[in-house]
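# Structural overview
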Amino acid sequence: MKRKKYFKTDDVITYLAGAGCGKTTSLMAELQEMLKAYRPDEIAFVSFSRKASAEVRNRAELMGLDYSPDSFPYFKTIHALCYMLNNYSAQGKNIISKEDAELFAKVTNLRFSIHNRAEGNRNHEADGQMFFDLYALERATGKPPDYHMVFPRRRYEEFKELYEMFKSKAKVIDYHDCLTDYLRDGEAIKKIKVAFIDEAQDLTAQQWDVCFKAFANAKHIRIAGDDWQSIFAFQGASPQLFIDIAQTGKIVKLEESYRLPKSVAKLAEKIVQTIDNKIDKHCKTSKKIEGEITTFAEFDYMLPLLEQEREDTWYLLLRLNFQIKRVADIMKDKLILFHYSDSFCIPEKYLVKILNYYKWASELNTPSDEFSFCRKHWIKPTEDGGWPAWWHTNLIENPKMRDQIRRYEEKYGFETIWKAFCSRPRILVTTIFKVKGGEADRVVVFTASSRKVEEGRMTDHDNEARIMYTSVTRSKKAVYFTDLKGNVSSDYIQALL
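All of these numbers come straight from a predicted model, not from anything done at the bench.

Turning our attention to the nonpolar core. Within the largest apolar cluster, 68 residues are counted, with the highest numbers of intra-cluster contacts made by Phe-7, Ile-197, Trp-208, Phe-215, Ile-221 and Ile-223. Looking at this core element by element, the count peaks at six residues for helix H11 (residues 262-273). Ignoring anything within four residues of it in the chain, the contact list for Trp-208 reads Phe-7, Ile-197, Ala-200, Leu-203, Ile-223, Leu-241, Phe-242 and Ile-245. Counting residues in each nonpolar core, the second largest holds 46 residues, with Tyr-357, Phe-373, Tyr-408 and Phe-446 among its members.

Of all seven residues making up strand E14 (residues 440-446), seven are buried, and the element is well covered by its neighbours. For strand E12 (residues 314-318) and E14, the ladder comprises four bridges, and the chain directions are parallel. Within E14, the position partnered with Trp-314 by the bridge is Arg-442. Examined bridge by bridge, E14 and strand E16 (residues 475-482) share six bridges and lie parallel to one another. Bridge pairing links Phe-446 to Thr-482 in E16.

Within the secondary structure layout, Ala-389 lies in the loop between helix H15 (371-376) and helix H16 (399-412). In this structure Ala-389 comes out as partly exposed when scored by relative accessible area, which is 26%. As for Ala-389 and Tyr-357, which are separated by 32 residues in sequence, their C-alpha atoms are 9.7 Å apart.

So, how was this worked out
Residues numbered from 1 in each chain as written. Predicted model: local features only at pLDDT ≥ 70, side-chain atom pairs only at ≥ 80, totals over all residues. Heavy atoms only, no water. Core = buried A, V, L, I, M, F, W, Y, C linked by side-chain atoms within 4.5 Å. Buried < 20%, exposed > 50% of the residue type's maximum accessible area, 1.4 Å probe, protein only. Helix = DSSP H or I, 4+ residues; strand = E, 2+ residues; numbered from the N terminus. Contact = heavy atoms within 4.5 Å. Pairing = 2+ DSSP bridges.

Here it is, written out as structure tokens:
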């Protein structure tokens, strides 16, 4: 059977790369070769996420390339590429901001978490957020919500109308508009001769359509991805479409991982054997260490290990956003310092206040010498005229937060806390979906699930296997499986251990 042709050129090569198998290295080697024949502005390099785009930029700079928007104008995320091609700046249109989203929530009386990205702070009762997510998925896939779902459909239709009206009045756009407007009004980029498409397994059908249109004149197409790591189906990603596109051209399989220890590589191989719809390849490792795979009945039992292995980096990976707060609360109770994906366990604003406090205390003899700062925070000299301990002041107004930070400081000292805040995360508490492409020495995979997730696993087993494969293959030394009290627990991994 003749396969559908997605790109006009016949020179389409897909690098099918397992976890830690040197995908970016292979792409950069290809880029160097292409730069011998083509100018930088004749080459496009697009990716699914900012993280992947930043990694390519860093690698390019290490190669000695003059990586700048002027030299490489088409090295962007797909959304950023469309934003540029649509020339929104000249139209006075901007991407919807946090303030815009807050205003929309206020005028519609809907509850959102779109404007509150803090880990673990998603509101389960946020009806507006549910509508927003459904609308995003509808535009990404071109399909309306599943009519078997139970949700207020009339209110959803009203939401779509209000949202589009708000954007028009406020002269703002969202990321989906970038794609939709380009597909409707844009043209192929005539000067592009080479196109690199990274993280291709995570692209939606709409993002693929952008690539087909933008790079219609390209002579060489280079795609990189791994269908085993296609885990964003809930956002519209299609592993099947990636597989179909890859099979229309040449496939280069990168099968030797430079990251995984032997035991983790064996477990990863077992996991992918349970995936039915995939392109076959192997999961081998070049590392000599055996590694470790251990199961703990509850997360509390492994907390001493987090303190013991202080020289190693850790990922604590959860399936659902609301579970992050539960794990964070346990960590804070045990006074373990950690990061979320975009913040520290102690809010930055409080750390800065305490830093300023110690700055004044070291430079001045008495609080009376710094009138405005001390009056604002009710800081008064002690009986001997010195500075009181900051927790005896109103520096941190929230009593619970004040006590929490005090306990942290008594354990570590403020200098150590500040250094941890400024440093690369040693312990990262986040969801599986936030660490794609990342790696840590030790990875904790929580088997805590939900009824909805378990029901989904029954209908799409491949998706669960891909998520588990992506989780365990972040590890360079050890993988630990554990559970959270009170949650539905998935038994998927137990059958493979």
